[in-house]
Each structure stands twice: as C-alpha cells, then as structure tokens.
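The primary structure of each chain is shown beneath.
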Amino acid sequence: MQREVGTLPLAPALRARLAAAGFQTAQELLDTGPCGLSKEIGISREEALEALQVVRQECHGDAARMAGGSGATRRCTALELLEEEQTQGFIITFCSALDNILGGGVQLTKITEICGAPGVGKTQLCMQLAVDVQIPECFGGVAGEAVFIDTEGSFMVDRVVDIASACVQHCHLIAEAQQEEDHRKALETFSLENILSHIYYFRCRDYVELLAQVYLLPEFLSEHSKVRLVVIDGIAFPFRHDFEDLSLRTRLLNGLAQQLIIIANDHKSAVVLTNQMTTRIGQSQSTLVPALGESWGHAATVRLILHWDNSQRLATLYKSPSQKESTIAYHITSHGFRDVQPPAVTHSAEGTEMNPRKRPRTEQEKQ
Amino acid sequence: MVVLRAGLCPGLTEDMIQLLRANGIRTVVDFVSSDLEDVAQKCSLSYKALVAVRRVLLAQFSAFPANGADLYEELKSSTAILPTGSPSLDQLLDSGLYTGEVTELMGVPGTGKTQVCLAIAASVSLGLKQHVVFLDSTGGFTASRLYQMLRAQTEDEEEQAILGRLRLCFVPQLEALQRIQVVRVFSIYELLSALQELRDRLSQQVVSSMGPLKMVVLDSVSAVIYPLLGGRQSEGLALMMQLSRELKTLAREFSLAVVVTNQVTRDSSTGPLKPALGRSWSFVPSTRVLLEGKGATWQKGTTQRVASLAKSPRQPTGIQVELDIG
C-alpha cells in the first residue's frame, strides 16, 4: 500500500513535519511505530498514536476495497446505477407541466436549486414539496419526511395547513374514484396532523448557524431515516451581506455544497435550495442572474429559474443533467402550486402569450 | 527524501546508520550529497564501503536519462487516440483524446461539461469496447441520460428494429453500461484514495471486473479542491499538486486518457472568464477546451454550444467548433 504521506488526512502541521523528517509512504510510518515516530518528529506519544490510527484506517480501507467489497466506497457500474434510478421515485409538485420538464418531479439524490426574484413563489414551492414528499407510495409519492431549514423567516404554518388540506383532499378523491384497499389504508395515516408533525423545522439566523446545522444534519438524518427531502429556504440570504472576505465566502459555500451532496447521496434524499437573483451590468444591458457568483452555479445539479412575464409566472429549467432546457407557466392558487388551466378554445392564444419568442402564428391565421 | 534505514541496500547496516545519524546524515539526499572522505573520518567508517553504498543508492533512487528516439518509439507503441464520438470535437482535439495526457473541459454552469463527458464515455465504451472509470464529485452523473446517449449512438436503425423484435437489441448498450464504472467521491481525500486504489489495481493487473481500462473521467476537479484553496493556508495548494501528480502518473504509466472538468471564474463581476484553480493548475492539463453557450443568458434556451481550444500542444489555439449536446 504505497500511499503517500501527503495524501493522508492528517493535520497540515503534522504532515509538514513528516515530510521534513523524510517519510514518504504510509508503509514507512506504520513500520516505525508510535515510539519511533514521536522521537523522530518530536511529538508526544498520544499524538503519534492518533496519527498512526488514522493511517491504519486509511490503509485498511484501501485493502478492503481492493479485496473486492464495495463497503464504504460508492463504487458501482453504470448498469447498476441505471437500475437504481429506474426504481427511484420523484417528488411531484402538483403542477404537471413542471413535473414534465423536470423529468417526473424533483429527483432524489440530487441538489435542485430554485432561483427567482422576490415574490415569484420560491417559498411556496418549497412548502408544496415539503407536503408532497409525504404522499404515500400508492398515490405515486415517496412516503418520506421533510427537513425545512429556514434562514429568512418566511415559513408560514397557516399556508402549509392550506396546502396540506388540499393535498389530503386530492388523495381522498383519487381513493374514492379507484376504490382500492391499500389506498384506504394509506389514507388513515395521511392526515393533516401527521403531515405537519413530519416536517422538521429549523431556524438559522446567520451563516454560522446554517453551516453548523448542515454539518450536524447527517446525525439527525441517521436517527430519522425516513427523511427524503431537505429544504434550505434562502441559502443566499446569510451569505450576501456583511461578508468582507469574498474568498472565505467561496470556500464556505463550496464546502457547504459538497456536504449537501454527501447528504443527498448517502441518505437518498432530495436537497432543494432557494437562491436570490442579482443584476449583472453588462456593456449595453443588464440581466438578472442567480446570486452568489459563478462558482456557486456548479454546486446545484438541477437549476430552475422562476420569473415573471407581464403577469404570468414562468419557470425555466436552466441546468439539468438529463432534461432539455424549457419554459412552462404555473399558477399559485389557495391550494398551492398548480398548472395554468388553459380553457380548450383559447389555448393557442394563451400559448403565444406564454412564449413571446415565438412568432404569433395563430393570430395571423385568425386574421 | 527517504530516511536511511537498515536493509535499504546491501551495505547499509544498523550500526552504520546510527553513526551517520549522530553526524547529522539522516536521509538518502544528505548521504549522497555529503563529502564521503569527511564522513569516513568523522564516523570512522571505511571509505570503500561508503562509496559502494552510495553507488547502490544512486542506482536505486535516481532517474535514468532516456534517449529521444527510444522515447518516440515507446510513444508510438503505447499511445492511442480515442475518438470522442463527435466529429467536430475530434477535429478540435486533433482527431481525438490522446492517452498519456490530461485533457480539461471548462465552462460556466449549464454549458454541458457533464454531457460531453457522458458522451465521450458512451462512445469509448460502446464504440471501442474499452472500460471507463467515471469519478463523480458533483452528483451529476445520470445513468438514464447515458443510456439515452448509448441508444442514440447505435448506428444501424434497421438492425435495431429487426433485433428489437428478437429482444436482442439492447444487449450491446447494456454491456457498454457494464464497462463504465462509476465511483462517487465527494472530498479530496476520498478522491486521492480512489485514485490510489485504481493505481494498485492496475499495477497488480487484477483482471476480475476491470477489463482493458483506457479512460478516466473526473467530473469535476474544482468541486473537491475549491473548499481548500485560498485564505492563508497553503495546504490546499499542496493537495492540489498531489492530485495532479496522481492524475499524470496514472495517465503516463498506464497509458490512459484522463479527462477533467473545471469551472470558470471572473476576476470581478464584469471581467473576462478565466479557468478556475489558478495558475498552478493551468500547467497540469496539456489540452484545454472552453465550452460556451451560443446565447449569452438563460432566457434563450438552446442546445447549441461553441467549443474553443484554449491550450493545446498540437493545434493552434483559438479554433472553434460548434457542438450540439441535445
């Protein structure tokens, strides 16, 4: 196991001392033993013991992996991944157009970022998802629980009650129409109190609390293994003002992104983040772009941008590993996120309103 | 800088080492660069023995010069050029990805770096029937999209239709999927240990599930290094250089093509785009390709992309081709 000393997860000062003393591979460290090590580099025996334990763990981990067990590494062939993906569920949003462009709904094990101007409906969508993740499997949901981390204070419980009651009613209608046994059984546990008690709410006031909460989340998730959705409403808010050191901000954000990806992968849950928009002033025009800079754009796997077009709300899928870029319209009603319901007659006319880039072909035909 | 130990070479005994250490000579470098007559006097060791030890140590630890003609012959026999599956990209890369080198793809978020990586992996696995290792650090690997690309790449549609009736049609694509191994690494230490494990497996030639490996794709390198760079700690730079050494050794020793994706940043909010990870990383890849969308903003959706060559040892930089990642 010729693992170089520079690649082992030890403290940097310790690594520097080991390099200065001439140790190159992990095997040499293990051969020297704790007493020899503490004499060579001038550290205490306890520190030498700890360092050797770390080295031994790494090397044993390597050996176990080499022997063929997949154990802790996440190694598999693309075929196995394909089978896994095909059996994975999606979290639906109750707006079928949005579900279509997302490829079925919000995907588990991926980070989805929702960007938008104020008031366009980001928090509404998050609350809708926190309710929808709990839909039982027989109705097409994933039957999971939700974690809601709020940094802006925009979580309104009364609104969640409205959305949840509408969802329960919808499921009742389906059950009555289809009259199946498992539907009725599932409905017994799918009630308003149940839904609300399975949304775990955390309030973080600044970036330190947010980082701490995210780093403590894996422990929480291993206790509550049914969680399938983690929502962070307002990831931009704590990082946008009062941050003098921008390189520190980039580092913290990237570390946060990696931690969220680990959470999404290990616990098979979807992570949904909301971001704000900022203006980029170009040479001749200014455009709205998602906040937190270029490097943050790489953190999310799927990016959804919500925007206005006159009085119509639109959603654009901007970045996705498997779906094409497209734009759809949606409505926010008292029941939550819903499709725009175009009446059949004027469908083509509304089509042109929704998509101003297209030539108004139907209007010409009418004329 | 290897520490002198007994048994490192035949003439080196434990007592010799103790005597040398008492005089401040602890590593091979110290030994080889010191004046042996002086050392022989101070440590009261035989000069002949010291010279013999030095000769053996030099033979063991120094690099041998190779002649240019031999190097060329070796390159001709061991380098392969892997077509990427997209003729315009091949044209940009001078007929394909060269093994033994690191190629980098960079771009703003959403320009399709992961898509191009998936397309290249699909083409190598399906067309050339070679194994590919895909190291995913962003969680962006979607097997269903890869499967879609594989289905699209199977050329003969008639054959597909006929075989489809016999239900044999999807077998080559499923085999191609089995040849692509995906490893999820989300931190720099996991990445380094995955690369180390790969190196061990290749050098011991464990044939079990790894057939002839020709390509390693790392998507993306900046995601794992960004949390460590900057500030007053130089540890991030050290780890980045360790990583670059591992990638280059893998590429050269085992004749693999290594493809890496990187981000781009701006100096200020309106400055020009430049590749991330700084100047130190810019020496690592031999070829760099920048991907851009044709429309500048997210308001116009399109699947057209423009790839331009930013650094290449063989072609003039600045060439641009158009790609369709649909």
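Worth saying up front: this structure is predicted, and the values here are computed from it rather than measured.

> When you look at the interface of chain B and chain A in this model, what are you seeing that I'm missing?
How big an interface is tends to be stated in terms of the accessible area lost upon association of its parts. On the side of chain A, 63 residues touch chain B, which itself brings 69 residues to the contact. Buried surface at the junction of chain B and chain A, summed over both partners, amounts to about 5900 Å²; 54% is from carbon and sulfur atoms. There are 1 salt bridge connecting chain B and chain A. Residue Arg305(B) is joined to Glu325(A) by a salt bridge in which the shortest nitrogen-to-oxygen separation is 3.4 Å. Our count for the contact surface shared by chain B and chain A stands at 10 residue pairs in polar contact (both at pLDDT 80 or more). Contributions of two or more residues to the side of chain B that touches chain A are made by α7 (113-127), α8 (143-153), α10 (171-179), β5 (180-184), α11 (188-203), α12 (221-225), α13 (235-253) and β8 (264-266) of chain B. With 8 residues, the single largest contributor to the side of chain B that touches chain A is α11(B).

> Looking at this structure, how should I read the side chain of Thr103(B)?
Residue and element names in this part refer to chain B. Tracing the backbone through its elements, the reader meets Thr-103 in strand β3 (residues 102-107). For Thr-103, a relative accessible area of 6% corresponds to the buried category. Contact partners of Thr-103, with chain neighbours within four places excluded, come to Leu-93, Leu-97, Val-258, Val-259, Val-260 and Thr-287.

> Would you take a moment to explain the confidence of the model for chain A for this structure?
The predicted coordinates ought not to be read in detail in places where the model reports low pLDDT. The share of residues in chain A with pLDDT of 70 or more is 89%, and the mean pLDDT across the chain is 81. A low-confidence stretch, residues 343-367 of chain A (pLDDT under 50), is modelled with 15 contacts involving residues beyond four sequence positions or located in other chains.

> Mind showing me how you'd approach the domain arrangement of chain A here?
When its domains are assigned, chain A resolves into domain 1 (5-64) and domain 2 (82-339). Here the C-alpha centroids of domain 1 of chain A and domain 2 of chain A sit 43 Å apart.

> Sorry, what's going on with the packing of α8(B) against α10(B) here?
Packed helices, taken two at a time, are described by the angle between their axes plus the distance between the axes. Residue and element names in this part refer to chain B. In the contact formed by α8 and α10, the axes pass within 10 Å of each other and the chain directions differ by 135°. Taken together, the axes of α8 and α10 lie oblique to each other. Note that α8 runs across α10; the crossing there is right-handed. Here Leu-146, Tyr-147, Leu-150 and Arg-151 of α8 come into contact with α10, specifically with Gln-173, Leu-174, Ala-176 and Leu-177.

> Help me understand the pairing of strand β11 (residues 304-311) of chain B in this model?
Residues and elements named next belong to chain B. The pairing of strand β10 (residues 287-293) with β11 spans 6 bridges and is classified as antiparallel. Counterpart to Glu-292 in the pairing with β11 is Val-306. Bridging between β11 and strand β12 (residues 320-324) involves 5 bridges; their strand directions are antiparallel. Within the sheet, the bridge partner assigned to Ala-307 lies in β12 and is Val-321.

Reading the values: the criteria
- Residues numbered from 1 in each chain as written.
- Chains lettered and ligands numbered in written order.
- Predicted model: local features only at pLDDT ≥ 70, side-chain atom pairs only at ≥ 80, totals over all residues.
- Heavy atoms only, no water.
- Contact = heavy atoms within 4.5 Å.
- Buried area = accessible area lost by both parts, 1.4 Å probe.
- Salt bridge = Lys/Arg side-chain N within 4 Å of Asp/Glu carboxyl O.
- Polar contact = N/O pair within 3.5 Å; in protein donor to acceptor, adjacent residues only side chain to side chain.
- Helix = DSSP H or I, 4+ residues; strand = E, 2+ residues; numbered from the N terminus.
- Buried < 20%, exposed > 50% of the residue type's maximum accessible area, 1.4 Å probe, protein only.
- pLDDT = per-residue confidence, 0-100.
- Domains from an automatic or database assignment.
- Axes fitted to C-alpha atoms, helices over the stretch in contact; angles between N-to-C directions.
- Parallel < 35°, antiparallel > 145°, perpendicular 65-115°, else oblique.
- Left-handed = near helix turned anticlockwise from the far one by under 90°.
- Pairing = 2+ DSSP bridges.

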